[in-house]
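Chain residues, written in single-letter form:
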Amino acid sequence: RANARSEDEVGELAVALNRLAQGLSTSMVDLTAERDVLATILGGMQEGVVLLDPQRRVEMLNPAIRDMLLLPADVVGKPAHTVFHHPSLAQLWDRVNQSNAPVTLELNLEGLKPRVMLVRASALHSHGDSILAVFFDVTDLRRLESVRRDFVANASHELRTPVASIRAAAEMLGGAMEKDPVAAARFVAMIERNSQRLQALVQDLLDLSRLEARQFALKPEPTDVAAQATQVGDREVHPEGEGPGVLVDA
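Conventions and cut-offs
- Residues numbered from 1 in each chain as written.
- Predicted model: local features only at pLDDT ≥ 70, side-chain atom pairs only at ≥ 80, totals over all residues.
- Heavy atoms only, no water.
- pLDDT = per-residue confidence, 0-100.
- Helix = DSSP H or I, 4+ residues; strand = E, 2+ residues; numbered from the N terminus.
- Contact = heavy atoms within 4.5 Å.
- Buried < 20%, exposed > 50% of the residue type's maximum accessible area, 1.4 Å probe, protein only.
- Patch = residues over 30% accessible without salt bridge, like charges linked within 9 Å, V, L, I, M, F, W, Y side chains within 5 Å.
- Areas by Shrake-Rupley, 256 points an atom, 1.4 Å probe, with all protein chains shown as cover.
- Salt bridge = Lys/Arg side-chain N within 4 Å of Asp/Glu carboxyl O.
- Lys, Arg positive; Asp, Glu negative; His and termini not counted.
- Charge placed at Lys NZ, Arg CZ, Asp CG, Glu CD.

A. Quick look at the confidence of the model for the protein chain. Mean pLDDT over the protein chain stands at 79; residues scoring 70 or higher make up 89%. Summarising per-element confidence for the protein chain, the mean pLDDT is lowest in helix α5 (residues 139-179) (78) and highest in strand β5 (residues 130-137) (90). Segment residues 240-250 is flagged for pLDDT under 50; beyond a separation of four residues in sequence, or across chains, it makes 24 contacts in the model.

Rendered as structure tokens:
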């Protein structure tokens, strides 16, 4: 600060310089606080954030994107194509510069840490046509979607078998009730058994719904493992409804 205390022009200049210095000091404090808040926000985000300057050099990135893509610590200032090696990202930067709206792209990244990334990029025209890209890790979401598709396919297959067995047994039961009571009794037993199997499958579906809703409570029960193994083995050897015109009672 200026120490001049005279009331002439020099004193007035000293007061003006002191006011200017105080204003600069206040601005520096505010800028530092804003920088710290921004760094805290970016550091706490689970999404990866990358800012590219108009020359497509990495201007800023947060720790999440470093962890997602296993990036080294010295990537700031380097060209984007030397940091992000996926060719689709280079096409994404071009599309962003040619579009006024944000552009979204899904990437399958291979390597030591395979990931499915959803990238949303937009141009910052107020910042010299810089590019801001946000990376969302959707690996677990895509895996769950795949598991759900597989489950629906498996459930459909499991439901088809008892339904076909019940239908075939019901058709043959009508002709066997008078001519062959023993066979009719077998068909009735088969219908009952497959009805119970359908009921168990439906109950499993309801339990899965409760699991997703976090409302399912496990109830341990004793199980005869030998009997279960025998039943599964018999089902593999003699699947129900197998063979032309032959209904096997498994």
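B. Fine view of unusual backbone geometry. Of note, Arg 56 is a non-glycine position whose phi angle comes to about 60 degrees, a positive value. Mapped onto the elements, Arg 56 comes out in the loop between β1 (48-52) and β2 (58-61). By relative accessible area, Arg 56 is classed as partly exposed at 25%. Located in the positive-phi region is Leu 70, a residue other than glycine, with phi close to 55 degrees. Position of Leu 70 among the secondary structure elements: in the loop between α2 (63-69) and α3 (80-83).

C. Molecular detail of a negative patch on the surface. On the surface, a cluster of negative charge is made up of Glu 7, Asp 8, Glu 9 and Glu 12. For Asp 8, the position within the fold is in the segment before α1 (9-44). Residue classification places Asp 8 among the partly exposed positions, given a relative accessible area of 36%.

D. Broad picture of the environment of Phe 84. Relative to the helices and strands, Phe 84 resides in the loop between α3 and α4 (87-98). You can call Phe 84 buried: its relative accessible area is 6%. For the pair Phe 84 and Leu 71, spaced 13 residues apart in the sequence, the C-alpha separation amounts to 9.0 Å. Not counting residues within four places of it along the chain, the set of residues in contact with Phe 84 comprises Val 50, Val 58, Leu 69, Leu 71, Leu 89 and Trp 93.

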